[in-house]
Number of protein chains: 2
Amino acid sequence: MLTQAAEDYLKSIYKLQEKGGKVSTGILADYLNVKPASVTGMIKKLKSMKLVRHERYQGVTLTDAGMVIALEIIRHHRLLELYLFKALGVPWDGVHEEAEKLEHVISEDVEARMDAFLGYPTTDPHGSPIPDKNGVVLKTHSIPMTDLKNGQSCVVVEVNDSDSALLRHLGSFNLYPGTAFRVIEVAPFEGPFTIDIAGQQAVIGREVAKHIFVNNVNETDNV
Amino acid sequence: MLTQAAEDYLKSIYKLQEKGGKVSTGILADYLNVKPASVTGMIKKLKSMKLVRHERYQGVTLTDAGMVIALEIIRHHRLLELYLFKALGVPWDGVHEEAEKLEHVISEDVEARMDAFLGYPTTDPHGSPIPDKNGVVLKTHSIPMTDLKNGQSCVVVEVNDSDSALLRHLGSFNLYPGTAFRVIEVAPFEGPFTIDIAGQQAVIGREVAKHIFVNNVNETDNV
DNA sequence: TATATAATTTAGTCATACCTAAATTAATTT
DNA sequence: AAATTAATTTAGGTATGACTAAATTATATA
Ligand SMILES: [Mn+2]
Ligand SMILES: [Mn+2]
Ligand SMILES: [Mn+2]
Ligand SMILES: [Mn+2]
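Residues numbered from 1 in each chain as written. Chains lettered and ligands numbered in written order. Predicted model: local features only at pLDDT ≥ 70, side-chain atom pairs only at ≥ 80, totals over all residues. Heavy atoms only, no water.

1. Quick notes on unusual backbone geometry
What counts, and what does not: Strands here mean DSSP runs of E at least two residues long; helices mean DSSP runs of H or I at least four residues long; both are numbered from the N terminus.
Of note, the phi angle at Phe189 of chain A is positive, near 55°, even though the residue is not glycine. With respect to the helices and strands, the residue Phe189 of chain A is situated in the loop between β5 (180-186) and β6 (193-197). In this structure, Tyr120 of chain B takes a positive phi of about 55° despite not being glycine.

So this is what it looks like as structure tokens:
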């Protein structure tokens, strides 16, 4: 069995390489709240276990074996989030922190039982896809809310799950995965978005909008 | 926050001092599958944190502060066992191992939610008392099954939860906490017990009987 | 009481996973 | 092409928690 730290590195490399290919030492250090020198040290260990590929100064990527483990941990994390949310009523802004610790210690048996209890779900409370037990992830197509223009309507697909204050903020507008909204106004000079959610208006700043991903984007008439 | 290892030491000291007062280094080492020298090292740390009292060569006991932490971990463990058993259907011989890892990572919030889901239970699936959220433990009165004599009837109160093969064996006789049985025969020369469980006969060896605790002991007529 | 045995502690090692500071390499400017 | 800047790696150190081997202390036996 891998250490908890090693599992967290693999998971983080997976997430970062989804966005931009090879993952640099510095980016990974930032992401894990650790110094670059520590990243170099762990990468050496992971490389010796053939879980990552690494060329000095050129960044790191997962091998197939590393990918399998990363997806396994991500599956644990997202199943746990949904389980805590649905079975125990933990609020959606609290499940991430809890799952972050539990993901490393649950057995395959408990994983399977939660999966069955939940009816083999495909997304977590923040809209992120749950890899199935073979590690297959459904690709979701979405764009950041910051790409939206005046008058467009859309549906929330996914939101960043790691900032619990942000999630509480979104909850106060009833802005969850599956929620539809329409852009009423995009303020100039990189300003905030005014949107309509089921008849209620809300103002969403750029920094917040960056963490919201949407699809089903359509031009719609103004009521 | 304490380390996982420190929490396990406190929990183990609690359990051992319940049986026999001061806990020796060697006993603790055996119990934790660790060498006595390692125990000495950890005891020094726990003493510096004022969680245990220790006189060289004289054994160790918990302070009040140490007791609070030990009971907190035991509460987590037993609530988790019951939760896994009732909410996820994990068999009673599997819950201990699972809870052993989870007990160190769940939050107070999840603890409280499991407690409410279960209706504020007082015993775990093996009959051990669950300390309440203030650390109060209901004392159960029971004797080891090995003290029983021919013809006595009783009710199972508690069984040792750490040996999963033993639990499967007991399960095969439907011998759970709450189960009533009557001793039909105690074989001489420290021999096995033949018992009657709801009309079914079973033979229970001494080594097994040592790990079963009973109460409500009565002489009863042979049918 | 002296000696043998058993338990405990001390001393020194190892592996993990982090850190800071210094050295090295790569990328960007001039 | 040389110099500056930024990123990365190396070197050396800390804390935790285990280990073995040796020294010490307590207990049991003669
Ligand atoms: Mn798994
Ligand atoms: Mn999530
Ligand atoms: Mn607690
Ligand atoms: Mn138990």
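2. Topic: the protein's contact with DNA strand C
What counts, and what does not: By convention in these notes, a residue is near a molecule or strand provided one of its non-hydrogen atoms lies within 4 Å of it. N or O atoms closer than or at 3.5 Å make up a polar contact, with two conditions inside protein: a donor-capable atom paired with an acceptor-capable one, and, for residues adjacent in sequence, both atoms drawn from side chains.
Residues in contact with DNA strand C amount to 22 residues; listed here are only the nearest, Thr3 and Ser38 of chain A together with Gly26, Lys44 and His54 of chain B. When the atoms of DNA strand C within 4 Å of the protein are sorted by group, sugar and phosphate make up 76%. At a separation of 2.9 Å, a phosphate oxygen of DNA strand C approaches a polar side-chain atom of His54 of chain B. Breaking the surface near DNA strand C down by element, the ones donating at least two residues are α1 (4-20) and α3 (36-48) of chain A together with α2 (25-32) and α3 (36-48) of chain B.

3. Some points on the sheet that holds strand β5 (residues 180-186) of chain B
Residues and elements named next belong to chain B. Selection criterion: Only strands joined by at least two bridges in the DSSP assignment are considered to pair.
In spatial order, the strands read β3-β8-β4-β5-β6-β7; together these six strands make up an open sheet with antiparallel pairing. Whereas interior strands pair on both sides, the edge strands pair on one side only; in this sheet they are β3 (143-144) and β7 (200-204). The pairing of β3 with strand β8 (residues 212-219) spans two bridges and is antiparallel. The residue bridging Ile143 from the neighbouring strand is Val214, located in β8.

4. Section: the protein's contact with DNA strand D
The cut-off we apply is this: Three classes are used, and their members are as follows: Ala, Val, Leu, Ile, Met, Phe, Trp, Tyr, Cys and Pro are nonpolar, Asp, Glu, Lys and Arg are charged, and the others, Gly among them, are polar.
The local shell around DNA strand D holds 21 residues, among which Gly26, Lys44 and His54 of chain A together with Thr3 and Ser38 of chain B are the closest. For DNA strand D, the backbone makes up 75% of the atoms found within 4 Å of the protein, where backbone means sugar plus phosphate. Residue Gly26 of chain A places a main-chain N or O atom 2.8 Å away from a phosphate oxygen belonging to DNA strand D. Here a phosphate oxygen of DNA strand D and a side-chain polar atom of Thr3 of chain B are 2.3 Å apart. Of the residues contributing to the surface near DNA strand D, the split by class is nine nonpolar, seven polar and five charged.

5. Looking at the pattern of salt bridges
All names here are of chain A. Defined as follows: The term salt bridge refers to a pairing of a side-chain nitrogen on Lys or Arg with a carboxyl oxygen on Asp or Glu at a separation within 4 Å. A 1.4 Å probe rolled over the protein chains alone gives each residue an accessible area, and that area as a share of the maximum for its type sets the label: buried under 20%, exposed over 50%, partly exposed in between.
Here the structure, examined in full by the defined rule, presents 20 salt bridges over all chains. Here Arg168 makes a salt bridge to Asp93, at a shortest N to O gap of 3.0 Å. A residue pair is termed long-range when its members are at least 10 positions apart, and Arg168 in helix α7 (residues 164-172) and Asp93 in the loop between α4 (64-88) and α5 (95-102) qualify at 75 residues. Judged by relative accessible area, which is 46%, Arg168 ranks as partly exposed. Connected through shared salt-bridge partners, Asp8, Lys11, Glu100 and Glu103 make up one network.

6. Notes on the coordination of the manganese ion (ligand 3)
Residues and elements named next belong to chain B. Where we set the bar: The rule for donors is simple: N, O or S, within 2.8 Å of the metal, or within 3.2 Å if the metal is Na, K or Ca. Water isn't counted, so a site may look like it is missing partners.
Note on the manganese ion (ligand 3): its protein donors are Glu72 (OE), His76 (NE2), Glu108 (OE), Glu108 (OE) and Glu111 (OE). The metal-donor distances range over 1.5 to 2.6 Å. Counting gaps between the donor residues of the manganese ion (ligand 3) yields the pattern E-x3-H-x31-E-x2-E. Residue Glu108 and its partner Glu111 are located together in helix α6 (residues 108-117), separated by three residues, close to a single helical turn. Residue Glu108 is classed as partly exposed on the basis of its relative accessible area, which comes to 46%. Take Glu111: its relative accessible area is 4%, and that puts it in the buried class.

Nothing here speaks to function; it is all geometry.
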